[in-house]
Amino acid sequence: MTGDRLTVPVSDRFREAATDWGDNRLMDADDALETKAEQALLEIEHLVADATEVEFTVGDGAIHHRPSDDLAAFLDRQADRYGLEPAEVLSMHVDLFARVFLESEETESADPDDPRPW
C-alpha cells in the first residue's frame with residue numbers, strides 16, 4: 001500500500017456505532033473504535049481493490065489510513081468528479097460502513113428485504 005496517508009475525522013455516527021458494537025462485546029470504547037475503523041476500511045479496500053489488509057491508526061478523533069494504490073485512484077476520481085478532497089470521499093465511505101456488523105434489533109430494518117446496513 002503506497003498511497004498518501006488520508007485523515008478522516010471520526011463522526012458522531014461512527015463513534016456511536018463503535019460504542020454500541022463494543023458494548024455488545026464488553027470492549028472498551030477505544031478498542032471498539034479501532035476495530036470498527038478496521039472493519040470499515042477493510043470493507044472499502046476489499047470492494048475497490050480486493051485487499052485483505054489495511055494500514056491505519058486511530059487517534060486524536062480521526063482515522064489515519066494509507067490507501068492501496070487502487071483505492072487512492074478510486075478516491076481521486078470521485079474527488080475530482082464531485083469537487084472534493086480524497087479524504088472527504090473516504091470519510092463518506094467510512095461513515096456508510098459505521099453501522100455494519102451491528103446486531104441489535106433497534107438497528108435492523110422492519111423490512112427483511114431492505115439491504116441498507118443500518
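What counts and what doesn't
Residues numbered from 1 in each chain as written. Predicted model: local features only at pLDDT ≥ 70, side-chain atom pairs only at ≥ 80, totals over all residues. Heavy atoms only, no water. Helix = DSSP H or I, 4+ residues; strand = E, 2+ residues; numbered from the N terminus. Buried < 20%, exposed > 50% of the residue type's maximum accessible area, 1.4 Å probe, protein only. Arc of directions from axis to C-beta. Contact = heavy atoms within 4.5 Å.

Novice: Break down unusual backbone geometry for me, with residues and values.
Specialist: A positive phi angle, close to 60 degrees, is found at aspartate 50, a residue other than glycine. Summarising the element assignment, aspartate 50 is placed in the loop between helix H2 (29-49) and strand S2 (55-59). Since its relative accessible area comes to 55%, aspartate 50 is described here as exposed. In this structure, aspartate 60 is a non-glycine residue whose phi angle is positive, near 55 degrees.

Novice: Can you tell me about helix H4 (residues 86-96), naming the residues and giving the values?
Specialist: The set of residues buried in H4 consists of Pro86, Ala87, Val89, Leu90, His93 and Val94. Viewed along the axis of H4, the buried residues span an arc of 155 degrees, placing them on a single side of the element. Buried residues in H4 make contact with strand S1 (6-9), helix H1 (12-24), H2, strand S3 (62-66) and helix H3 (69-82).

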